[in-house]
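What follows is each chain in one-letter form.
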Amino acid sequence: MFKLILSRLVLAVPQLILLSLFVFLLTYLVPGSPAAAVLGAAANPESIARLEAQLGLDRPFWERLADYYGGLLQGDLGTSFSSGRPVAELFAERIPATMSLMLGGLIVAVLLGLALGLIGGTKPGSIRDRIATAITSFTMSVPEFWVGIVLMLVFAVQLRLVPVIAYVPIGADPAAWARGLILPSIALGIAGAALIARQTRTAMAETLSARYVNTLVAAGVSRPRMIFHYGFKNALVPILASTGITVSIMLGASFAIEKVFAFPGIGSLIIRSVTAKDFAVIQGGVLLVATIVIAVNLILDISYGLIDPKSRPQ
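Please read all numbers here as calculations on a predicted model, not as lab measurements. (Residues numbered from 1 in each chain as written. Predicted model: local features only at pLDDT ≥ 70, side-chain atom pairs only at ≥ 80, totals over all residues. Heavy atoms only, no water.)

A. Main features of the overall build of the chain. Of the regular secondary structure elements, the chain holds 14 helices and zero strands. Traced from its N-terminal end to its C-terminal end, the chain shows the element sequence α-α-α-α-α-α-α-α-α-α-α-α-α-α. Here the C-alpha coordinates of the chain stretch approximately 85 × 60 × 35 Å along the principal axes. Taken across its 314 residues, the chain has 41% of its residues classed as buried. Taking all contacts inside the chain whose residues are at least 6 apart in sequence as the whole, residues at least 24 apart take part in 74%. Counting every atom, the chain has about 16,800 Å² of accessible surface; 69% of that belongs to carbon and sulfur. When the 23 positive and 16 negative side-chain charges of the chain are each reduced to one mean point, those points stand 17 Å apart. (Helix = DSSP H or I, 4+ residues; strand = E, 2+ residues; numbered from the N terminus. Buried < 20%, exposed > 50% of the residue type's maximum accessible area, 1.4 Å probe, protein only. Contact = heavy atoms within 4.5 Å. Areas by Shrake-Rupley, 256 points an atom, 1.4 Å probe, with all protein chains shown as cover. Lys, Arg positive; Asp, Glu negative; His and termini not counted. Charge placed at Lys NZ, Arg CZ, Asp CG, Glu CD.)

B. Fine view of the packing of helix α6 (residues 87–121) against helix α12 (residues 236–260). At a minimum axis distance of 10 Å, the contact between α6 and α12 shows a crossing angle of 135 degrees. Of the possible angle classes, the one that applies to α6 and α12 is oblique. Considering only the axes of α6 and α12, their crossing is right-handed. Side by side, α6 and α12 meet where Thr98, Leu101, Met102, Gly105, Leu106, Ala109, Val110 and Leu114 of the first sit next to Ile239, Thr243, Thr246, Val247, Met250, Leu251, Ser254, Ile257 and Glu258 of the second. Among the residues forming the contact of α6 with α12, the class breakdown is 11 nonpolar, five polar and one charged. (Axes fitted to C-alpha atoms, helices over the stretch in contact; angles between N-to-C directions. Parallel < 35°, antiparallel > 145°, perpendicular 65-115°, else oblique. Left-handed = near helix turned anticlockwise from the far one by under 90°. Nonpolar A, V, L, I, M, F, W, Y, C, P; charged D, E, K, R; others polar.)

C. Just the packing of aromatic side chains, in detail. Here the structure, examined in full by the defined rule, presents two aromatic pairs. Ring plane angle 40 degrees and centroid distance 5.2 Å describe the contact between Phe24 and Tyr68, whose orientation is recorded as tilted. In this pair, Phe24 is assigned in helix α1 (residues 2–24) and Tyr68 in helix α5 (residues 61–73), connecting sequence segments 44 residues apart. Look at Phe24 and you get buried, because its relative accessible area is 3%. Relative accessible area serves as the criterion here: at 15%, Tyr68 is assigned to the buried category. Plain terms: the ring middles of Tyr68 and Tyr69 are 5.6 Å apart, the flat faces sit at 70 degrees to each other, and that makes the pair edge-to-face. Site record: aromatic cluster; members linked through ring pairs are Phe24, Tyr68 and Tyr69. (Phe/Tyr/Trp six-rings, centres within 6.5 Å; stacked < 30°, edge-to-face > 60°.)

D. Layout of the nonpolar core. One finds Phe91, Leu188, Phe261 and Phe263 to be the most contacted residues of the largest nonpolar core, which totals 36 residues. Counting only elements with at least two residues in this core, the list comes to α6, α8 (144–158), α9 (174–208), α12, α13 (266–276) and α14 (279–307). Of all hydrophobic cores here, the second largest spans nine residues; its members include Leu19, Val23, Phe24 and Leu65. (Core = buried A, V, L, I, M, F, W, Y, C linked by side-chain atoms within 4.5 Å.)

E. Quick look at unusual backbone geometry. Not every positive phi belongs to a glycine, and Ala262 is a case in point at roughly 55 degrees. Its location among the elements puts Ala262 in the loop between α12 and α13. On the basis of relative accessibility, which here comes to 35%, the residue Ala262 falls in the partly exposed class.

F. Representation of the pattern of salt bridges. For the structure on display, the rule yields three salt bridges. Glu89 is paired through a salt bridge with Arg85; the nearest N and O atoms lie 2.6 Å apart. Overall, Glu89 belongs to the partly exposed group, its relative accessible area being 38%. Look at Arg85 and you get partly exposed, because its relative accessible area is 27%. We note a salt bridge from Arg85 to Glu93, for which the minimum N-O separation is 2.4 Å. Among the ionic contacts, a cluster of salt bridges with common partners joins Arg85, Glu89 and Glu93. (Salt bridge = Lys/Arg side-chain N within 4 Å of Asp/Glu carboxyl O.)

G. Structural view of the packing of α6 against α9. α9 packs onto α6 with a crossing angle of 35 degrees between their chain directions and a minimal axis gap of 4 Å. Crossing hand, α6 versus α9: right-handed. Of the residues assigned to the contact of α6 with α9, the class counts are 21 nonpolar, 11 polar and one charged.

H. Representation of the layout of surface pockets in the model. Each pocket or cavity is described by its volume, and for the largest pocket that value is around 540 Å³. Along its surface, the largest pocket is lined by 23 residues, and Leu55, Gly78, Thr79, Phe81 and Gln283 are the ones closest to its centre. Only α4 (45–55), α5 and α14 provide two or more residues apiece to the lining of the largest pocket. Per-element accounting of the lining of the largest pocket gives the leading share, four residues, to α5. When its residues are assigned to classes, the lining of the largest pocket shows 10 nonpolar, nine polar and four charged. (1 Å grid on protein atoms, 1.4 Å probe; cavity = no way out; pocket = protein on both sides within 12 Å on 5 of 7 lines; lining within 4 Å. Points joined across faces, edges and corners; volume = space filled by probe spheres on them.)

Set out below in structure tokens:
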């Protein structure tokens with residue numbers, strides 16, 4: 001098991017190095033000077049040169065690259081151009097809100113996706129399978145932000161069951177924190193549930209049509225035990241793969257959900273920084289989001305090895 005974890009970590013290191021290099025090059029990919037983009041159209045050459053010197057943009061490429069990687073090794077993502085605060089500090093304040101939203105959305109996606117997938121996959125071609133497939137197709141085609149707006153209009157504006165500004169830090173009031181996550185989690189998780197449901201249905205249908213199932217039937221194994229103990233366990237690897245893809249999709253969709261429900265997360269910070277052309281925050285945000293995706297895939301790869309011994313390195 002240690003060999004499996006080590007091999008996956010070794011693969012993740014070059015990914016992070018290449019990713020950090022791409023993030024550093026973002027300022028070079030912007031046409032013109034980043035300082036000119038920050039100052040706007042009214043900037044004159046003198047003010048642009050002054051800001052470039054202040055931000056260190058006038059230094060040689062290799063010197064800036066060395067300082068950049070040196071800062072990353074110390075956890076320094078730079079300083080925000082607009083607020084003057086450390087980028088790492090800005091994200092540290094907002095990560096709890098985004099992680100709360102992602103956790104709630106993932107719970108909704110997994111529970112709803114597994115339920116729909118098991119309903120259809122255990123008896124493919126039946127009426128219940130067609131109903132589950134129809135629900136899955138509908139949830140996949142509906143945009144997350146539209147679901148969020150509808151839920152807010154119904155439950156926050158019309159019925160007034162939840163506040164419009166939903167997020168409350170868990171340390172301040174755990175009950176209010178959980179209550180405020182209900183609608184955003186449903187809006188975020190409903191599309192992800194469709195992907196998990198489709199993969200679960202396909203995997204369960206293939207597993208339960210295998211030859212060993214006939215042996216289990218002949219041995220008198222009950223239907224529930226056959227589904228959950230044997231079938232579901234053998235279908236876990238493709239289900240986990242779809243869950244990893246779902247997390248990546250949900251991380252991007254959470255930006256829109258944060259905007260709809262006024263969540264103070266990293267998505268709203270990145271969107272605001274793009275508008276303000278705050279390159280330091282944009283760089284840190286891209287690096288942070290990609291690192292989360294790599295970490296999730298790393299955890300899933302290790303999970304594959306725990307479930308399927310054949311996927312472990314020899």
